[in-house]
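For reference, the chains in residue letters:
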Amino acid sequence: MGLGIAASPTRAKADGRTQADTSSPLVQELLRRTEERKEERYKERLQDYYRKNYKDYFEFESKKANYGRTEVERKIQDWLEQNKE
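Residues numbered from 1 in each chain as written. Predicted model: local features only at pLDDT ≥ 70, side-chain atom pairs only at ≥ 80, totals over all residues. Heavy atoms only, no water.

(A) Main features of the overall build of the chain. Within the chain one finds 3 helices and 0 strands. Helices (α) and strands (β) of the chain occur, in sequence order from the N terminus, as α-α-α. Counting the 85 residues in the chain, one finds 15% classified as buried. Within the chain, residue pairs in contact and separated by at least 24 positions form 27% of the contacts whose partners lie at least 6 positions apart. (Helix = DSSP H or I, 4+ residues; strand = E, 2+ residues; numbered from the N terminus. Buried < 20%, exposed > 50% of the residue type's maximum accessible area, 1.4 Å probe, protein only. Contact = heavy atoms within 4.5 Å.)

(B) Looking closely at helix H2 (residues 25-62). In a regular helix each residue adds 1.5 Å, so 38 residues correspond to 56 Å; H2 covers 52 Å between its end C-alpha atoms and thus fits that length. Residues Lys55, Phe58, Glu61 and Ser62 constitute the buried set of H2. Contact partners of the buried residues in H2: helix H3 (71-82). (Expected span 1.5 Å × (residues − 1).)

(C) Inspection of a nonpolar patch on the surface at higher detail. Together, Tyr49, Tyr54 and Tyr57 make up a nonpolar patch on the protein surface, roughly 310 Å² of accessible area in all. By secondary structure assignment, the location of tyrosine 57 is in helix H2. (Patch = residues over 30% accessible without salt bridge, like charges linked within 9 Å, V, L, I, M, F, W, Y side chains within 5 Å. Areas by Shrake-Rupley, 256 points an atom, 1.4 Å probe, with all protein chains shown as cover. Salt bridge = Lys/Arg side-chain N within 4 Å of Asp/Glu carboxyl O.)

(D) Quick look at the packing of aromatic side chains. All told, the structure shown has 3 aromatic pairs when counted by the stated rule. With 6.0 Å between their ring centres and 65° between their planes, tyrosine 50 and tyrosine 54 make a pair best called edge-to-face. Taken together, the residues tyrosine 50 and tyrosine 54, both in helix H2 and 4 residues apart, mark about one turn of the helix. Assessed through its relative accessible area of 29%, tyrosine 50 is described here as partly exposed. Tyrosine 54 sits in the partly exposed class, given a relative accessible area of 33%. The rings of Tyr49, Tyr50 and Tyr54 are connected pair by pair, giving a single aromatic cluster. (Phe/Tyr/Trp six-rings, centres within 6.5 Å; stacked < 30°, edge-to-face > 60°.)

Here is the structure:
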């Protein structure tokens with residue numbers, strides 16, 4: 001006897017889900033909620049990334065003289081004020 005995978009009454013799809021899994025009302029509801037919040041979570045992760053990796057740079061840039069500031073420098077300052085810890 002060899003080691004094998006037991007036969008399952010459902011068929012696996014290419015993405016790893018089975019037919020029975022995707023037809024479940026619970027799974028359908030979870031998939032719907034996931035899609036609804038996907039963009040929101042992406043934006044949150046992006047903001048977290050900026051806070052983690054660019055905060056020092058933005059603080060350095062904000063210490064430049066206040067006169068002659070460009071629009072980008074003003075936006076950096078606004079971002080720093082919004083994301084103070």
